[in-house]
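Secondary and tertiary structure notes
Here are the chains, one letter per residue:
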Amino acid sequence: MLFHCGRFHLNFESPKVMGIVNVTPDSFSDGGQFDQRDAALTHALELIEQGADVLDIGGESTRPNATPVPLEEELRRVIPVIEALVARDIPVPISIDTYKPAVMRAAIAAGASIVNDIRGLQEEGALEAVANSDAGVCIMHMQGTPQTMQIAPHYEDVVAEVKQFLRVQRDTCLSAGIAPQRIMLDPGFGFGKTRAHNIALAKALPQLLELGCPLLVGLSRKSVLGQMTGNDVDARLHASVAAAVISAMHGAHLLRVHDVKATVEALKVVAALK
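As the structure is a prediction and not an experimental result, all values here were calculated from the model. (Residues numbered from 1 in each chain as written. Predicted model: local features only at pLDDT ≥ 70, side-chain atom pairs only at ≥ 80, totals over all residues. Heavy atoms only, no water.)

1. Some thoughts on the overall build of the protein chain
Looking only at helices and strands, one finds 10 helices and 10 strands in the protein chain. Taken over the C-alpha trace, the protein chain has a radius of gyration of 17 Å; the compact-globule value for 274 residues is 19 Å, and the two agree within 12%. Its C-alpha atoms put the protein chain at 40 × 40 × 40 Å along the principal axes. Buried positions account for 57% of the 274 residues belonging to the protein chain. Counting contacts in the protein chain only where the partners sit at least 6 residues apart, residues at least 24 apart contribute 69% of the total. Summed over its atoms, the accessible surface of the protein chain is roughly 11400 Å², and 52% of this surface lies on carbon and sulfur atoms. (Helix = DSSP H or I, 4+ residues; strand = E, 2+ residues; numbered from the N terminus. Rg over C-alpha atoms; globule rule 2.2 N^0.38 Å. Buried < 20%, exposed > 50% of the residue type's maximum accessible area, 1.4 Å probe, protein only. Contact = heavy atoms within 4.5 Å. Areas by Shrake-Rupley, 256 points an atom, 1.4 Å probe, with all protein chains shown as cover.)

Pasting the structure below:
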C-alpha cells in the first residue's frame, strides 16, 4: 500500500513511524520542551537520526481541555520550523498537525507534504486547502472538541460509528478530487473515547482496514495507557511501545509516537518475526 504526499511516496509494506514535534508550551507530554524554533529543529533532526519516517509538526495542543491557539500564534510557531527543515532538505515528509485551513495552506506553501487534521477536514475551507495541493491527508475521528471530548463520551457502537465517519470523510475527499493514494485514516484514540472505547477500536483495526486506506494510530503516552498501567505520562514508554507493536500487528501502517528510537527498534523485530 502506497501513500502519496507531495514529492514523497511512503511504501507501507512494513509499518512506518511518525515522530512528534510539538512546538507548544502545553502539550500533555512534552509541552514547553520544544516550543522555540531552534529546540524544535534540533529535536526534529534527532528524530530523523533515530529512524522517523515522517515528522509531525504541531503548534496547538489538542489534549483534553487545551486552550485554543489564535491563528497568528500557531503560524508563528510552526512555519519557521517547517521552513528550517525544508532548507536542510530532510529526507522525510513533513506533516502539519492542524485543523485550520489557513495553517494548512501556509504549511504546504512552506514545504509540508501531509495535513494531519484531528477534525477530519470538517472546518470550512479545509477540504479545499488539501484538494488544491498535492499533499497527503490524514483524516481523524473525534467526538466533540478538545475542550469537551472527554466529558462523558458516548457511542451506541464505537467501532461502527468511527468507521462510518471515516468512510464518509474519505468519500468526501474523493468527490473533491483528492486521489485515494493521498488519503490516510485515524480512529482518533483518546479523542472523545473512554478506556473501553479505545480498547474496542484497537481490537477492531482489521475492520477499519476494510476502508482501503492506510491507518495511522496514535496511542503514544496517552491516558488510556496510564489507566492500564497506573503510570504517569513520563513513565509510559514500555506501554507505548507495546501499543505500537500490537497496533502494527493488527494492521496499522503509521505509528505516531514520541519515543521514535524504541518504537523503530520494536517494529524491526515485528517485521523480522512476521
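Now that the structure has been shown, we can carry on.
2. Looking at the side chain of Lys100
Note on placement: Lys100 falls in the loop between β5 (94-97) and α3 (101-110). For Lys100, a relative accessible area of 12% translates into the label buried. At a separation of 2.4 Å, a polar atom in the side chain of Lys100 contacts the side chain of Glu60. Not counting residues up to four positions away in its chain, the partners in contact with Lys100 are Glu60, Val69, Leu71 and Glu74. (Polar contact = N/O pair within 3.5 Å; in protein donor to acceptor, adjacent residues only side chain to side chain.)

3. What about the sheet that holds strand β4 (residues 54-58)?
Ordered in space as β8-β7-β6-β5-β4-β3-β10-β9, the 8 strands form an open sheet in which the pairing is parallel. The strands lining the two open edges of the sheet, one partner per strand, are β8 (183-186) and β9 (216-217). In terms of strand pairing, strand β3 (residues 16-22) meets strand β10 (residues 254-257) through 4 bridges, oriented parallel. The residue bridging Met18 from the neighbouring strand is Arg256, located in β10. Strand contacts of helix α1 (residues 37-50): β3 and β4, with the helix running at about 170° to β3, the strand carrying the most contacts. Packing against the sheet, helix α5 (residues 158-175) makes contact with β7 (136-140) and β8, and its axis sits at approximately 150° to β7. (Pairing = 2+ DSSP bridges. Axes fitted to C-alpha atoms, helices over the stretch in contact; angles between N-to-C directions.)

4. Topic: the pairing of strand β2 (residues 8-11)
Here β2 shows one buried face, formed by Phe8 and Leu10, and one open face, formed by His9 and Asn11. Counting the residues between successive antiparallel strands, the hairpin from strand β1 (residues 2-5) to β2 contains 2 residues, one of them, Gly6, with a positive phi of roughly 60°.

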